[in-house]
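# Observations on the model geometry
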Amino acid sequence: MQLNTYSRLSGFYFFYFSLLGAMVPYWSLYLKSFGFNAETIGGLMAILMASRIVAPNIWGWLADRTGERLRIVRYGAFFTCLIFVLIFWQEGAWGIAMVMAGFSFFWNAVLPQFEVLTLTHLKGREELYSRIRLWGSVGFIAAVMGIGWLLDLVSIRWLPGIMLGLMVMIWISSLFVEGKAPARNSNESGFMQQLLRPQVVVFFLICLLVQFSHGPYYTFYSVLMDSLGYSRTEIGLLWSVGVVAEVLIFILMPRLIGGLGLRKLMIISLLLSVLRWLLIGLIPENLWLMLFAQMLHAVSFGVLHVVGIALVHHYFSPSNHGQGQAMFSSFGFGVGGALGALCSGMMWETLGADATFCVAAIAVLIAALCATIWIKPENCAVTNR
């Protein structure tokens, strides 16, 4: 791959995940500033996840049928900016909910289709994906640390302005990327035929359980740390430690995949994820254990994300990659993330943080059992590639 192409693809990931670095740790604190309770915050955060249930599949189907994948990315990024501008006039839960639903419908069109563009550019060197994707993690770290420091100095109400600036940069970076659709093979089996194979169904169930388990983390981790007396700079540091570990694991992923294979990597990562949620739920006041738990983000997100992307590429034919990546996003981050945010919002004030994270650990343990029994990639490949 040419250096110019590498830098353009990497730049898009940098700004896209910088926006996540602004939103994921701090948006719940922004919502809290309006006096919303935990259930309302959980419901609002679930909107971001729920829009991934429908939106990516609509855009994925359209991209696979038209071949206009890059145009969809650009339009999605542009309308994300346009709709998010309305957030500056919203202070009630319903108004904020409408804006979140509107901008996230277009925002969720962007990443799954850009993943396909990236893998198309790699042309048979898909193991190098993690070397490009790691720049997204670098962007996340920069945003988390920088914004955490800034929000210790200024009001949390500055957050939407910062996020809008990053949305504009996502759109601008999309204008510098080139893209083309893969050639369609008339012998390829249809998308539904590929999707409904038992191993693929279980794979998406595992994706759902993994993202369900992240619900309390993405929704209430910052709130939990804040309630225990951690400063916003310290909260940003804890988030960043996790993503630094994620960057390092992305660098090592080609070697890990070659040495262990996708199946073993998935099972090991799921079991370590169980440990992570138990530590956060049961011993959150211990800074050193929290640093260790955040380092486990390398496996609970980093490894599982790369393995998931690779398995989608393995399970679906090239002309169905857009819909496959859309399903990966919608079923995992969408259904799983929305259920995780909603359930954590209902459990947080009634059962407490410890029980909520223990439920997350149980969900991942079930996912590990499913992976051990069902996930055998060598037995479920698309033959006409």
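Think of each chain on its own: its residues are numbered from 1, step by step along the sequence as written. Where local features are concerned, this predicted model is filtered to residues with pLDDT of at least 70; where side-chain atom pairs are given and counted, the filter is 80 or more; whole-chain, interface and lining totals use all residues. To get the side-chain values, take all heavy atoms of the structure and skip hydrogens and water.

### Focus: helix 14 (residues 321-351)
For clarity, the cut-off: Bend is the name given here to the angle between axes fitted to two runs of seven residues, the run ending at a residue and the run starting at it. What counts as a helix is a DSSP run of H or I of at least four residues, what counts as a strand is a run of E of at least two, and both are numbered from the N terminus. Buried, partly exposed and exposed residues are distinguished by accessible area as a fraction of the type maximum, computed with a 1.4 Å probe on protein chains only: under 20%, between the cut-offs, and over 50%, respectively.
Residue G337 marks the point of greatest curvature in helix 14, where the axis turns by about 25 degrees. The element helix 14 is extensively covered by neighbouring structure, given that 23 of its 31 residues are classed as buried. The first or second residue beyond helix 14 is G352, which carries a positive phi of 100 degrees.

### Focus on the packing of helix 2 (residues 38-66) against helix 4 (residues 93-107)
The test is simple: Whenever a helix is involved, its axis is fitted only over the stretch in contact; in every case the axis is a line through C-alpha atoms, and angles between N-to-C directions fall within 0 to 180 degrees. Every angle not falling under 35 degrees, over 145, or within 65 to 115 is termed oblique; those three ranges are roughly parallel, roughly antiparallel and roughly perpendicular. Take the far helix as your reference; a near helix turned counterclockwise from it by less than a right angle gives a left-handed crossing, and one turned clockwise gives a right-handed crossing. The contact definition used throughout considers only heavy atoms, calling two residues in contact when any of these lie within 4.5 Å. In the scheme used here, Gly and all other residues not listed as nonpolar or charged are polar, with Ala, Val, Leu, Ile, Met, Phe, Trp, Tyr, Cys and Pro taken as nonpolar and Asp, Glu, Lys and Arg as charged.
In the contact formed by helix 2 and helix 4, the axes pass within 8 Å of each other and the chain directions differ by 30 degrees. Taken together, the axes of helix 2 and helix 4 lie roughly parallel to each other. Helix 4 is crossed by helix 2, and the crossing has right-handed handedness. Each of T40, L44, M45, I47, L48, S51, R52, A55, I58 and W59 in helix 2 lies in contact with helix 4, whose residues at this interface are A93, A97, M100, A101, F103, S104, F105, F106 and W107. Grouping the amino acids of the contact of helix 2 with helix 4 by side-chain chemistry returns 15 nonpolar, three polar and one charged.

### Quick look at the confidence of the model for the protein chain
Keep this limit in mind: Confidence per residue, as judged by the predictor, is encoded in pLDDT with a range of 0 to 100.
Taken as a whole, the protein chain shows an average pLDDT of 86; of its residues, 94% reach a score of 70 or greater. When pLDDT is averaged over each element of the protein chain, helix 15 (residues 353-374) comes out on top at 96 and helix 2 at the bottom at 80.

### As for the nonpolar core
Rules: Put simply, a nonpolar core is a bunch of buried Ala, Val, Leu, Ile, Met, Phe, Trp, Tyr and Cys residues held in one set by side-chain atoms that sit within 4.5 Å of each other.
Within the largest apolar cluster, 139 residues are counted, with the highest numbers of intra-cluster contacts made by W27, F103, F203, I206, M266 and L270. At 18 residues, the largest contribution of residues to this core is made by helix 11 (residues 232-282). With sequence-adjacent residues up to four places away left out, I206 is seen in contact with M266, L270, A367, C370, A371 and I375.

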